[in-house]
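Residues per chain, in single letters:
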Amino acid sequence: MTESLASAVSPAASRIRPGEVSLILATRGRPHLLTEFFESLRATTAQKDKTKIWLYVDDDDQATLQAIEKKVFPDPGLPVHWHIGPQPGGLGQTHQALWKASGKTSQVYVTTVDDARLATPGWDDIVRKKFNEYPDGVLLAFPHDPNTADQATYPIFGWGWIEAIGHVYPGYFPYWFDDKWVDQIGRMVGRCVKLPFDVLPIGGKGRTMRMRNHGFWTRFYLLTLEERKEAARKLIAAMHPTEGPARAAALAALDTAAVEFAKEKDTFSDMYSVFQEERHTDMKPEERQTFNARYFRHEAVIVARLIAKAQELVANKKYAEAMEFLDCVQLSDMKVRQAYALMAECLRALGRGSEADRVAAEQMGGWPQMDTLRRSFRFLGMVANDGKRMLVGLTAKGKKGE
């Protein structure tokens, strides 16, 4: 891609540096793994002058911060940019912060992790060659990962992709799902390709940090297909700036692919989610039971989105659809009074009266309304307010007559 060609494609392209590749990743408390990651880059990166590393480090990660201060990490031969910030609730938020910190100037952004190594010599030239085929910058690629099927577990983004959508990842998820999110979008727009180089785990496949409440997060992911479809439409608009047969064909292909992805909802199993959590999580059971304010705040944002969507669907009398979102709320770590009220309303509208009564009883048990007492207080409040107004009025008249 040449500078003049990039500028002709999009105003945002004028700042893009052709051939520049940025690696973006988060690290926490594992300097020994990060050391091996740096060594792999030194050994396998072909054009080190056109490749950069951007790392997100939590501001409470003393192990990594001390390692940086003591300069224990080997020189990978590439510019290394440390971005120190608060630990976010969603892992994808770190990638977004790094994209912004980088100035959004790279032609390609390669996401990776601190416990894997790029094992193929010249991997960066493989990336450049493929992305040069797409002057609009709209491409999702991924290397071979021996631990998964052909899925973008280490997504590689073209600049046009991120510009069109506005973010690297949506930032919803504490773990997993971000890669599947973008993989699905890439397949809906027909711009998802596997590249011939390997990313291999350091010391074997590890367990998943932050992994908890897997059923809730799986269900939430399945309920957000419409958001991924909207992101795909934005990419298609960037790929085909003018309306015509090419854009129409791309939108038709999107709809066809989305129909297949929608079927995943029917395969959801809470039991299987529990099995996956126990198999993959790095958190002990007692850690998952301990209250974590950061996780609570993050999950609360998602629960609020689910209830707001359910409320919108109830207002449009789409009770069955609303129940899907409310069922997801029930899988969360928090119970919300308004969610129970909406669920009871939906169940009654769907002819499931006995279930509605049970949910309403649970709501009353958890949050007693005390209706009689409240009516008494409202009456007393009215009397008190009216009495106050009368006294104020009489006092005012008295003063005027003085």
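As the structure is a computational prediction, the values presented were derived from the model and not from experiment.

Caption draft 1: Quick peek at the pairing of strand E8 (residues 192–201). In this sheet, E8 lies alongside strand E5 (residues 116–118) in antiparallel orientation, the contact comprising 3 bridges. Paired with Arg117 across the bridge in E8 is Leu200. Note that strand E6 (residues 140–144) and E8 share 4 bridges and pair parallel. Its bridge partner being in E8, His144 is matched across the sheet by Asp198.

Caption draft 2: Spotlight on the sheet that holds strand E4 (residues 106–111). Ordered in space as E3-E2-E1-E4-E7-E6-E8-E5, the 8 strands form an open sheet in which the pairing is mixed. Strand pairing shows two members of the sheet lacking a second neighbour, strand E3 (80–85) and E5, which therefore form its edges. For this sheet, the mean inter-axis angle between neighbouring strands, taken without regard to orientation, is 30 degrees. On top of the sheet, helix H4 (residues 92–101) reaches strand E1 (17–27), strand E2 (51–58), E3 and E4; it is set at about 130 degrees to E2, its chief contact. Packing against the sheet, helix H7 (residues 178–189) makes contact with E6, strand E7 (156–158) and E8, and its axis sits at approximately 120 degrees to E6.

Caption draft 3: View of the layout of surface pockets. As a volume, the second largest pocket reaches approximately 500 Å³. The wall of the second largest pocket is formed by 22 residues, among which Leu223, Thr224, Glu226, Lys309 and Phe325 lie closest to the centre.

Caption draft 4: Broad picture of the pattern of salt bridges. The full count for this structure, using the stated rule, is 25 salt bridges. Put simply, Arg187 and Asp183 hold a salt bridge, and the shortest N to O gap is 2.7 Å. Residue Arg187 and its partner Asp183 are both found in helix H7; the two are separated by 4 residues, about one turn of the helix. A relative accessible area of 7% places Asp183 in the buried class. A salt bridge links Arg348 to Asp357, with the nearest nitrogen and oxygen atoms 3.0 Å apart. Judged by its relative accessible area of 46%, Asp357 is partly exposed. Through salt bridges with shared partners, a single network forms among Arg17, Glu20 and Lys52.

Caption draft 5: Up close: the packing of aromatic side chains. Considering all chains together, one arrives at 25 aromatic pairs under this definition. Cluster of aromatic residues (ring-pair linked, three or more members): Tyr172, Phe173, Tyr175, Trp176, Phe177, Trp181, Phe216, Trp217, Phe220, Tyr221 and Tyr295. If you follow Lys104 out to its NZ or CZ, it ends over the ring of Trp99, 4.6 Å from the centre.

Caption draft 6: Structural detail: the side chain of Thr105. Among the structural elements, Thr105 can be located in the loop between H4 and E4. Owing to a relative accessible area of 10%, Thr105 belongs among the buried residues under this scheme. Residue contacts for Thr105: discarding those within four places in its chain leaves Arg15, Ile16, Arg17 and Glu20.

Caption draft 7: Geometry of the side chain of Ser40. Within the secondary structure, Ser40 is located in helix H2 (residues 31–44). Polar side-chain contacts of Ser40 include one of 2.7 Å to the backbone oxygen of Phe37. Apart from residues lying up to four places away in sequence, Ser40 is in contact with Arg117 and Leu118.

Caption draft 8: Representation of helix H8 (residues 214–222). Counting buried residues in H8 gives 9 out of 9 residues, a clear majority hidden from the surface. Among the residues of H8, those classed as buried are His214, Gly215, Phe216, Trp217, Thr218, Arg219, Phe220, Tyr221 and Leu222.

Caption draft 9: Highlighting the nonpolar core. Among the nonpolar cores identified, the biggest contains 69 residues, and Trp161, Met188, Trp217 and Leu306 are the most heavily contacted of them. The element contributing the most residues to this core is helix H13 (residues 293–315), with 8 residues. Listed in part, the 27 residues of the second largest apolar core include Phe73, Val108, Leu139 and Tyr154.

Caption draft 10: Local environment of helix H9 (residues 225–239). Over its 15 residues, H9 extends 21 Å from the first C-alpha to the last, a length consistent with the 21 Å expected when each residue adds 1.5 Å. All buried positions along H9 are accounted for by Leu225, Arg228, Lys229, Ala231, Ala232, Leu235, Ile236 and Met239. The buried residues of H9 occupy an angular sector of 160 degrees when the element is viewed end-on, so they sit on one face. Buried residues in H9 make contact with helix H6 (159–165), H7, H8 and helix H10 (245–262).

Criteria and thresholds
- Residues numbered from 1 in each chain as written.
- Predicted model: local features only at pLDDT ≥ 70, side-chain atom pairs only at ≥ 80, totals over all residues.
- Heavy atoms only, no water.
- Pairing = 2+ DSSP bridges.
- Helix = DSSP H or I, 4+ residues; strand = E, 2+ residues; numbered from the N terminus.
- Axes fitted to C-alpha atoms, helices over the stretch in contact; angles between N-to-C directions.
- Contact = heavy atoms within 4.5 Å.
- 1 Å grid on protein atoms, 1.4 Å probe; cavity = no way out; pocket = protein on both sides within 12 Å on 5 of 7 lines; lining within 4 Å.
- Points joined across faces, edges and corners; volume = space filled by probe spheres on them.
- Salt bridge = Lys/Arg side-chain N within 4 Å of Asp/Glu carboxyl O.
- Buried < 20%, exposed > 50% of the residue type's maximum accessible area, 1.4 Å probe, protein only.
- Phe/Tyr/Trp six-rings, centres within 6.5 Å; stacked < 30°, edge-to-face > 60°.
- Lys NZ or Arg CZ within 6 Å of the ring centre and 35° of its normal.
- Polar contact = N/O pair within 3.5 Å; in protein donor to acceptor, adjacent residues only side chain to side chain.
- Core = buried A, V, L, I, M, F, W, Y, C linked by side-chain atoms within 4.5 Å.
- Expected span 1.5 Å × (residues − 1).
- Arc of directions from axis to C-beta.

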